[in-house]
Amino acid sequence: MTTVLRNIGELVTNDPRWGDQFGILHDAAIEWEDGIVRWVGLDSEVSVRADRNTEVLDAEGRAVIPGFVDSHTHLAFAGERSREFESRMAGKPYSAGGIATTVAATNAATDDELRELISIRIAEMHRQGTTTIEIKTGYGLTVDHEARLARIAREFTDYVTFLGAHVIPIDFRGNEDAYVDVVCGEMLDAVAPFVTAIDVFCEDGAFTVGQAARILAAGAERELTTHIHAAQLRPSDSVQMAIAHGVASVDHGTFLSDADVRALAESGTVLTLLPGSDFSTRQPYPNARNFLDAGVTVALATNCNPGSSYTSSISFCIAIAVREMGMTPTEALWAATQGGAMALCSTVLGNLGIGSNAHIVELDAPNHVHLAYRPGVNLARRVWS
Ligand code: NIG
């Protein structure tokens, strides 16, 4: 089946062929077939075949964008931690320790209960225009439970990231390196059939820079894409260590030094900013303007999880990035689409170039600026993926 969407007021393609990295066209049309973009151009130049296999749709002057690529989520969990959020809003700081609460709830859930929870969250995201979702493990923390989370997450997405190194489980307190041995050995073996990437939470109360380096090396040896949670709560040597390991993305980056920013700008590593967590943990927002001006490639993602960022809304993150972090609406949209795709090492997601995946969102708005201009409103009118 071929679909032609015509009468698009503003089409954001992120395809440099149309002038710059944002590739914005006005009065445009787009055609796709079997899930792949086949033609993009001015509406006046579209040639529509009149046959039974072609459907022609009218955007009535609305804006159309690539589907959002949410490159950092922790959707495989059970339970919730609203009391912890409430006490943070009353002044208590966020700490990695809360993760254990979710580990207990998740490990107590059946496979079907987890499937149900994940599918509800994915449907909620899809309704808001998110068409690609990365899912991390990390709320299992035993070999069997991490393998179970990886297996179930893989039923929902091609982008499953092993995060056995989320926190040190209670049984290994005082013997942390022994847990790192398990993560790099038996646990990695067990999740390997289901995962495409590996991640580590490098922070006080989680993993040290040396332990994180071991975990990234073990993942790279298996040819997994590598990511790191770094500088979320304080500055850390982990950022430059991870760049030296060639990670695809450094995630969080709330407390980056000037040297970190320079190292990111000179590397092929994406900086994935997660403003939902800074919002929900009362952290300062990072200065994305500074990063972009330095030449860093920035992605935006929700970090959807029950502890530090219980939001499924990437447009909420766009609005914060624009209002509080110095990004333009166009840069923020790019970061939530093409930036996310780059963090996942994909060239066919996050843009509407010819040959890319036809993950397309029609907004109930005349232009993409409305994503930040109308915070808290789901503007996705029709979503194709
Ligand atoms: O990315 N920082 C580590 N992991 C999550 C939080 C997980 C939790 O608090 O349950 C994050 O913010």
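Below is a short write-up of the structure.

Some points on the nonpolar core
Line of reasoning, step 1. Residues Phe207, Ile215, Ile228, Val250 and Leu300 are the most contacted members of the largest nonpolar core, which totals 89 residues.
Line of reasoning, step 2. Per-element accounting of this core gives the leading share, eight residues, to helix 5 (residues 176-191).
Line of reasoning, step 3. Residue assignment places this core across two domains, with domain 1 (2-66 + 350-384) and domain 2 (68-343) each supplying three or more.
Line of reasoning, step 4. Leaving out residues up to four positions away in the same chain, isoleucine 228 has contacts with Asp199, Val200, Cys202, Ala212, Leu216, Ser238, Met241, Ala242, Ser249, Val250 and Asp251.

Quick notes on unusual backbone geometry
Outside of glycine, negative phi angles account for most residues, and trans bonds account for most peptide bonds.
Line of reasoning, step 1. One non-glycine residue, aspartate 27, lies in the positive phi region at around 50°.
Line of reasoning, step 2. Residue position: aspartate 27 is located in strand 2 (residues 24-33).
Line of reasoning, step 3. Phi is positive for aspartate 34, which is not a glycine, with a value near 50°.
Line of reasoning, step 4. Its location among the elements puts aspartate 34 in the loop between strand 2 and strand 3 (36-42).
Line of reasoning, step 5. Of the residues examined, aspartate 34 reaches a relative accessible area of 59% and is grouped as exposed.

Regarding the pattern of salt bridges
Line of reasoning, step 1. Tallying each qualifying case throughout the model produces 22 salt bridges.
Line of reasoning, step 2. Note that lysine 136 is salt-bridged to glutamate 134, the shortest N-O span being 2.7 Å. This pair shows no difference in class: lysine 136 is buried, exactly as glutamate 134 is.
Line of reasoning, step 3. Here arginine 323 ties to glutamate 324 by a salt bridge, and the two come within 3.6 Å at their closest N and O atoms.
Line of reasoning, step 4. Classification of arginine 323 as exposed rests on a relative accessible area of 64%.

Rules and cut-offs
- Residues numbered from 1 in each chain as written.
- Predicted model: local features only at pLDDT ≥ 70, side-chain atom pairs only at ≥ 80, totals over all residues.
- Heavy atoms only, no water.
- Core = buried A, V, L, I, M, F, W, Y, C linked by side-chain atoms within 4.5 Å.
- Buried < 20%, exposed > 50% of the residue type's maximum accessible area, 1.4 Å probe, protein only.
- Helix = DSSP H or I, 4+ residues; strand = E, 2+ residues; numbered from the N terminus.
- Domains from an automatic or database assignment.
- Contact = heavy atoms within 4.5 Å.
- Salt bridge = Lys/Arg side-chain N within 4 Å of Asp/Glu carboxyl O.

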